[in-house]
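Chain and residue survey
Letter by letter, the chains look like this.
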Amino acid sequence: QQPVQSPQAVILREGEDAVINCSSSKALYSVHWYRQKHGEAPVFLMILLKGGEQKGHEKISASFNEKKQQSSLYLTASQLSYSGTYFCGTESTQGAQKLVFGQGTRLTINP
Amino acid sequence: SAVISQKPSRDICQRGTSLTIQCQVDSQVTMMFWYRQQPGQSLTLIATANQGSEATYESGFVIDKFPISRPNLTFSTLTVSNMSPEDSSIYLCSVLRGSETQYFGPGTRLLVL
């Protein structure tokens, strides 16, 4: 079952914050976040393996609520380079290594 | 991370023909994956390729249509057989690094006329 991402698209001014959500109807073992710029490969951002785990990567961080089967990606003080489509990939079974990706959230950062 | 290359980077093919896509990694990896991404859409896993065993296909994908080879720990190929316009897509390989993280190649853009 494909996870659901929200919002589908967001437009920000440089310096503003954004939150991207990823919800699954199935219990999750892990959530993986990627950013893809147009015409390029998806780039790995971070992985969350435990319920409630929060990870940070520069001004990009994420949380994982295992009970709610949800993950959120936080982008703080957004930069122009943050523009792209963000995908969450979910894994339901430990060790299966099979990622099911959400439909993506298109983020546009304007100067 | 990993340095992954794919060939060809793009191609235009006639319906009914086949195209083989190559994926090369800069170091040995146990698991490689093939995904399809239709324009503006999400990524869909086609199959998992482990060296020394048959590829494992996801629902909706069959070996006759998408045969995969994995001759060694740094290389894999995906063939798109008997192509139709519906096969027009971006095909990406990914590799598993560490125990959990997948890194993607640059993709092959395929247009079938």
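This text gives an overview of the structure that appears in the document. (Residues numbered from 1 in each chain as written. Chains lettered and ligands numbered in written order. Predicted model: local features only at pLDDT ≥ 70, side-chain atom pairs only at ≥ 80, totals over all residues. Heavy atoms only, no water.)

Moving on, we come to the overall build of chain A. Regarding its fold elements, chain A presents zero helices and eleven strands. Its helices and strands taken in sequence order, chain A reads β-β-β-β-β-β-β-β-β-β-β from the N to the C terminus. The C-alpha atoms of chain A give a radius of gyration of 13 Å, which matches the 13 Å a tight globule of 111 residues would have. Across the 111 residues in chain A, those meeting the buried criterion constitute 47%. If you take every contact in chain A between residues at least 6 apart in sequence, the share linking residues at least 24 apart comes to 55%. Summing over all exposed atoms, chain A offers an accessible surface of approximately 5,500 Å²; the carbon and sulfur share of this is 48%. Charge-centre separation for chain A: the mean point of 11 positive side chains lies 6 Å from the mean point of 8 negative side chains. (Helix = DSSP H or I, 4+ residues; strand = E, 2+ residues; numbered from the N terminus. Rg over C-alpha atoms; globule rule 2.2 N^0.38 Å. Buried < 20%, exposed > 50% of the residue type's maximum accessible area, 1.4 Å probe, protein only. Contact = heavy atoms within 4.5 Å. Areas by Shrake-Rupley, 256 points an atom, 1.4 Å probe, with all protein chains shown as cover. Lys, Arg positive; Asp, Glu negative; His and termini not counted. Charge placed at Lys NZ, Arg CZ, Asp CG, Glu CD.)

A few words now on the pattern of salt bridges. Residue and element names in this part refer to chain B. On inspection of all chains with the given rule, the structure shows three salt bridges over all chains. Across the pair D26 and R97 runs a salt bridge whose closest N-O atoms are separated by 3.5 Å. One end of the pair, D26, is in the loop between β3 (19-25) and β4 (31-37); the other, R97, is in strand β9 (residues 89-97), and 71 residues separate them in sequence. (Salt bridge = Lys/Arg side-chain N within 4 Å of Asp/Glu carboxyl O.)

Another aspect to go through is unusual backbone geometry. Note the cis peptide between S6 of chain A and P7 of chain A, where omega equals -10°. Mapped onto the elements of the fold, P7 of chain A is located in the loop between β1 (4-6) and β2 (9-13). The omega torsion across K7 of chain B and P8 of chain B is -10°, close enough to zero to call that bond cis. Turning to its location among the elements, P8 of chain B is positioned in the loop between β1 (4-7) and β2 (10-13). Its identity as a non-glycine residue notwithstanding, Q69 of chain A has a phi of 55°, on the positive side. One non-glycine residue, A77 of chain A, adopts positive backbone phi at about 50°. Structurally, A77 of chain A can be placed in the loop between β8 (70-75) and β9 (84-91). A77 of chain A sits in the partly exposed class, given a relative accessible area of 25%.

Right, let's talk about the packing of aromatic side chains for a bit. Applying the stated criterion across every chain, the model contains nine aromatic pairs over all chains. Ring plane angle 75° and centroid distance 5.8 Å describe the contact between F101 of chain A and Y35 of chain B, whose orientation is recorded as edge-to-face. With one member in each of two chains, F101 of chain A in strand β10 (residues 100-101) and Y35 of chain B in strand β4 form a pair that bridges those chains. What makes F101 of chain A buried here is its relative accessible area of 2%. Put simply, the rings of Y34, F44 and F101 of chain A together with Y35, Y103 and F104 of chain B pair up and form one aromatic cluster. (Phe/Tyr/Trp six-rings, centres within 6.5 Å; stacked < 30°, edge-to-face > 60°.)

Quick look at the interface of chain A and chain B now. Each partner contributes to the interface: chain A provides 20 residues, whereas chain B provides 21 residues. Taking both partners together, chain A and chain B bury about 1,600 Å²; carbon and sulfur atoms supply 54% of that area. Three residues stand out in chain A for area buried against chain B, namely Q97, K98 and F101 of chain A, and they jointly supply 34% of the buried area on that side. For the salt bridge of K98 of chain A with E58 of chain B, the shortest nitrogen-to-oxygen distance reads 3.1 Å. Linking chain A to chain B there are five residue pairs in polar contact (both at pLDDT 80 or more). Secondary structure elements with two or more residues in the side of chain A that touches chain B: β4 (30-36), β5 (43-48) and β9 of chain A. Considering every element that reaches the side of chain A that touches chain B, the biggest residue donor is β4 of chain A, with three residues. Residues belonging to the side of chain A that touches chain B are distributed by class as follows: ten nonpolar, seven polar and three charged. (Buried area = accessible area lost by both parts, 1.4 Å probe. Polar contact = N/O pair within 3.5 Å; in protein donor to acceptor, adjacent residues only side chain to side chain. Nonpolar A, V, L, I, M, F, W, Y, C, P; charged D, E, K, R; others polar.)

What follows is about the environment of M83 of chain B. All names here are of chain B. Along the chain, M83 turns up in the loop between β8 (75-80) and β9. Spatially, the C-alpha atom of M83 lies 8.6 Å from that of K65, the residues being 18 residues apart in sequence. Filtering out sequence-adjacent residues up to four positions away, M83 remains in contact with C13, R15, G16, T17, S18, L19, K65, L110 and V112.

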